[in-house]
Amino acid sequence: MPNRVAIVGIGQTYHKSKRSDVNQPEMVGEAVRAALADAQLSIKDIEAVFFSNMETFEGIYLPDHGMAAEVGSFGKPGLKVCTGGTSGGSVVCEGFFFVASGLYDLALVIGFEKQDCGDTTAAISAAATPMWGKGATTGAIGEFAKQALSYMETSGAKEEHAAMVRLKADRNACRNPYAHLKLGLKSIDDVLKSAYLVWPLRILDFCPQSCGACALIFASEKRAKKITKKPVWLVDVETVHQEPFRAGTFGDPTGKETYTQHVACERLYKRNGITKPRKDIDMAEIYEPSNWEEMNLYEHFHFCGKGEGWKLIEKGITEMEGEFPVNCSGGVLATNPIGATPTIRVAEAALQIRGDAGEHQATKDIKTAMTSALGGPNWTILTLLKKSL
């Protein structure tokens with residue numbers, strides 16, 4: 001029987017657009033030390049270390065090798081994963097599998113990105129083939145602009161609804177000490193005044209480029225119960241890939257495409273007896289690079305019916321105080337150190353379950369949470385977390 005796996009330590013940096021005060025290893029070390037302190041462990045207790053990072057965004061080859069001394073991974077087994085935007089979710093899966101297998105009892109999982117070292121958009125643009133990847137020549141912006149237009153046309157959502165998503169994200173981020181963008185927006189008009197990147201996607205419709213790191217400590221059930229009185233159980237993960245060139249990476253004008261989010265959540269829900277997601281799950285931390293994507297994901301994850309995602313935001317259902325809180329942390333719209341972004345989703349959901357999220361704690365009692373990761377070829381990773389087994 002596989003080990004049950006718990007999150008027993010959580011650490012983050014304070015996320016910013018630039019961290020000229022530290023180099024890459026020093027920045028990652030901040031998150032690692034915070035996670036160890038949270039678990040009241042020493043680096044000597046850690047048996048393996050797993051890293052996530054998009055090294056092409058920084059132009060630093062094999063960065064995990066260069067920080068072995070700083071983060072305490074020297075001489076310890078482990079690996080680094082790089083799966084695009086899902087990297088920080090993939091490394092959570094790797095840590096989970098290694099501990100669940102019984103190979104290790106304590107593992108350190110690290111996601112990080114120091115984007116002031118390189119040019120992320122240039123790296124994404126250069127990765128696309130001229131014939132098949134023209135939509136990626138503007139980096140992620142072009143694809144999400146197409147998705148926004150597709151969603152407007154198929155659902156009836158308006159730009160005002162997208163602005164409501166940004167307002168929610170900003171209110172939550174302003175209560176989260178680790179968040180990057182804290183804009184203090186007051187109204188829908190504040191969002192609609194921002195300039196267009198590619199119509200209908202505005203500057204405030206999109207996520208920032210952040211520098212930061214997040215570290216998690218995973219423990220087997222036997223060790224977890226000795227380490228903390230508030231373990232958060234990582235009960236299931238699901239990964240689904242998709243060839244992106246059939247109907248566009250994120251926008252589907254045909255309305256007929258089956259997306260990885262549909263397949264992933266249906267598999268996860270079936271295995272865990274989830275029949276009514278908004279009732280069986282208490283909150284979600286989802287990977288929404290744009291506010292339009294958040295409304296799309298409401299539908300893809302069956303939080304509502306098709307074409308009704310904008311209604312959830314209009315009714316306040318996904319607010320921190322709402323029936324089904326989504327992204328109490330401020331989400332990716334507020335903070336986006338890409339290699340760490342999905343790891344932060346898991347960390348923030350775990351804080352909600354522990355009741356340790358501080359000012360951005362949801363008002364309802366959180367016992368079960370779901371997180372998502374999103375990658376360029378519409379790659380989806382989901383995790384399901386619980387307060388008790």
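Rules of the game
Residues numbered from 1 in each chain as written. Predicted model: local features only at pLDDT ≥ 70, side-chain atom pairs only at ≥ 80, totals over all residues. Heavy atoms only, no water. Helix = DSSP H or I, 4+ residues; strand = E, 2+ residues; numbered from the N terminus. Rg over C-alpha atoms; globule rule 2.2 N^0.38 Å. Contact = heavy atoms within 4.5 Å. Areas by Shrake-Rupley, 256 points an atom, 1.4 Å probe, with all protein chains shown as cover. Salt bridge = Lys/Arg side-chain N within 4 Å of Asp/Glu carboxyl O. Buried < 20%, exposed > 50% of the residue type's maximum accessible area, 1.4 Å probe, protein only. Lys, Arg positive; Asp, Glu negative; His and termini not counted. Polar contact = N/O pair within 3.5 Å; in protein donor to acceptor, adjacent residues only side chain to side chain. Axes fitted to C-alpha atoms, helices over the stretch in contact; angles between N-to-C directions. Parallel < 35°, antiparallel > 145°, perpendicular 65-115°, else oblique. Nonpolar A, V, L, I, M, F, W, Y, C, P; charged D, E, K, R; others polar. Expected span 1.5 Å × (residues − 1).

## Re the overall build of the protein chain
Check the secondary structure of the protein chain and you find 16 helices and eleven strands. Taken over the C-alpha trace, the protein chain has a radius of gyration of 19 Å; the compact-globule value for 389 residues is 21 Å, and the two agree within 12%. With respect to the three principal axes, the spread of C-alpha positions in the protein chain is 55 × 45 × 40 Å. When contacts within the protein chain are restricted to residue pairs at least 6 apart in sequence, those whose partners lie at least 24 apart make up 77%. About 15300 Å² of surface is accessible on the protein chain, with carbon and sulfur atoms providing 54% of the total.

## So, the pattern of salt bridges
Enumeration over the complete set of coordinates arrives at 20 salt bridges. One salt bridge connects Glu55 with Lys80, and the closest N-O pair in it is separated by 3.1 Å. On the criterion of sequence distance, the pair formed by Glu55 in helix H2 (residues 55-58) and Lys80 in strand S3 (residues 78-81) is long-range, its members being 25 residues apart. Look at Glu55 and you get buried, because its relative accessible area is 17%. Between Arg271 and Asp236 there is a salt bridge whose closest N-O contact spans 2.9 Å. Taken together, the positions of Arg271 in helix H11 (residues 260-271) and Asp236 in strand S8 (residues 232-240) put the pair 35 residues apart, joining distant regions of the chain. Under the relative-accessibility criterion, Asp236 is labelled buried at 11%. One salt-bridge network, in which partners are shared between bridges, spans Asp38, Lys230, Arg354 and Asp356.

## Comments concerning the side chain of Asp205
Position of Asp205 relative to the elements: it lies in the loop between strand S6 (201-202) and strand S7 (211-220). Although Asp205 is buried, it makes no salt bridge; Arg202 carries the closest opposite charge, 4.9 Å away. At 2.9 Å, the side chain of Asp205 forms a polar contact with the side chain of Asn291. Leaving out residues up to four positions away in the same chain, Asp205 has contacts with Ala162, Val191, Pro200, Pro289, Ser290, Asn291, Trp292 and Leu333.

## A closer look at unusual backbone geometry
Between Trp199 and Pro200 the backbone carries a cis peptide bond, its omega angle lying at 5°. When you line up the elements, Pro200 lands in the loop between strand S5 (196-198) and S6. Positive phi outside glycine occurs at Gln40, with the angle close to 55°. Residue position: Gln40 is located in the loop between helix H1 (24-39) and strand S2 (48-52). The class for Gln40 is exposed, based on a relative accessible area of 70%. If you check the backbone angles, Asn327 has positive phi at about 60° while not being a glycine. Tracing the backbone shows Asn327 in the loop between helix H14 (309-314) and helix H15 (331-334).

## Brief notes about the environment of Glu308
Mapped onto the elements of the fold, Glu308 is located in the loop between helix H13 (291-300) and H14. We classify Glu308 as partly exposed; its relative accessible area is 34%. Through-space distance from the C-alpha of Glu308 to that of Ile124 is 31 Å; in sequence the pair is 184 residues apart.

## Points about the packing of helix H5 (residues 87-100) against helix H16 (residues 341-354)
Two numbers describe how H5 lies on H16: the axes approach to 5 Å, and their chain directions differ by 60°. Our classification of the angle between H5 and H16 gives oblique. Residues Gly88, Gly89, Val91 and Val92 of H5 touch H16, and the partners they reach there are Pro342, Thr343 and Val346. Partitioning the contact of H5 with H16 into residue classes produces four nonpolar, three polar and no charged.

## Regarding helix H8 (residues 159-173)
Along its 15 residues, H8 runs 21 Å from first to last C-alpha, staying within 8% of the 21 Å computed at 1.5 Å per residue. The buried fraction of H8 is high, at twelve of 15 residues. Within H8 the residues assigned to the buried category are Glu159, His161, Ala162, Ala163, Val165, Arg166, Leu167, Lys168, Ala169, Asp170, Asn172 and Ala173.

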